[in-house]
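# Tertiary structure, described
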Amino acid sequence: MITDHLLNGRPISLCVLDFGLFRVWAGPRNVGICGFLIRTDLDECILTDSGFPAKYAEDSTAAALGDGLDRFGTVLSCNAENLVAAQFKKAGIEPDRHHGYDPRPYTY
């Protein structure tokens, strides 16, 4: 039995984060790329998904070619406002004070 708890608080809010828009070739259909930020009453934050890597905000075509994502579809929208740090800011979160999250863009 697992007795350790990852969180101490109780969820009090859920924020949907906008990480961009992707067109899947099958269908075709457009899919919003989202993540979720859950906050607790003890000011803990849980991030589910982190969207596209920062290189997609710089040049989504080149990034998709490099990753092979172009075989499945195309990125319709992804810019600096769709990265984690910007989405945290819109949600009123200071990224660097929560669990050591580094708000600088990451690359693969």
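Residues numbered from 1 in each chain as written. Predicted model: local features only at pLDDT ≥ 70, side-chain atom pairs only at ≥ 80, totals over all residues. Heavy atoms only, no water.

## Some details on unusual backbone geometry
Omega for the bond connecting G27 with P28 falls within 30 degrees of zero, at -20 degrees, which places this linkage in the cis form. Tracing the sequence through the fold places P28 in the loop between β1 (11-24) and β2 (29-40). The backbone phi angle of D43 is positive, close to 65 degrees, even though this residue is not glycine. Counting through the fold element by element, D43 comes out in the loop between β2 and β3 (45-48). (Helix = DSSP H or I, 4+ residues; strand = E, 2+ residues; numbered from the N terminus.)

## Side note on the sheet that holds β2
Reading across from one edge, β3-β2-β1-β4 is the order of the four strands in this open sheet, with antiparallel pairing throughout. The sheet terminates laterally at β3 and β4 (73-77), the two strands that pair on one side only. Between one strand axis and the next, the sheet turns through 30 degrees on average, direction left out of account. (Pairing = 2+ DSSP bridges. Axes fitted to C-alpha atoms, helices over the stretch in contact; angles between N-to-C directions.)

## Comments concerning the side chain of Q87
By secondary structure assignment, the location of Q87 is in helix α3 (residues 84-90). Accessibility expressed as a relative area gives 5% for Q87, which makes it buried. Among residues more than four places away in sequence, those in contact with Q87 are L17, D18, F19, E81 and N82. (Buried < 20%, exposed > 50% of the residue type's maximum accessible area, 1.4 Å probe, protein only. Contact = heavy atoms within 4.5 Å.)

## Side note on the environment of A80
By the element assignment, A80 lies in the loop between β4 and α3. Counting along the chain gives 23 residues from A80 to A57, while the straight-line C-alpha distance between them is 5.6 Å. Residues within four places of A80 in sequence aside, it is in contact with A57 and A86.

## Points about the pairing of β2
Relative to β2, β1 is paired through eleven bridges, and the arrangement is antiparallel. Bridge pairing links L21 to G32 in β2. Counted along the chain from β1 to the antiparallel partner β2, the turn is four residues long, and its residue G27 has a positive phi close to 125 degrees.

## Things to note about the nonpolar core
Counting 16 residues, the largest nonpolar core has F22, L37, F52, Y56, V75 and F88 as the members making the most contacts within it. The set of elements that each furnish at least two residues to this core consists of β1, β2, α2 (60-67) and α3. Sorting elements by how many residues they give to this core places β1 first, with four residues. Apart from residues lying up to four places away in sequence, Y56 is in contact with A63, A64, D67, L69, V75 and C78. (Core = buried A, V, L, I, M, F, W, Y, C linked by side-chain atoms within 4.5 Å.)

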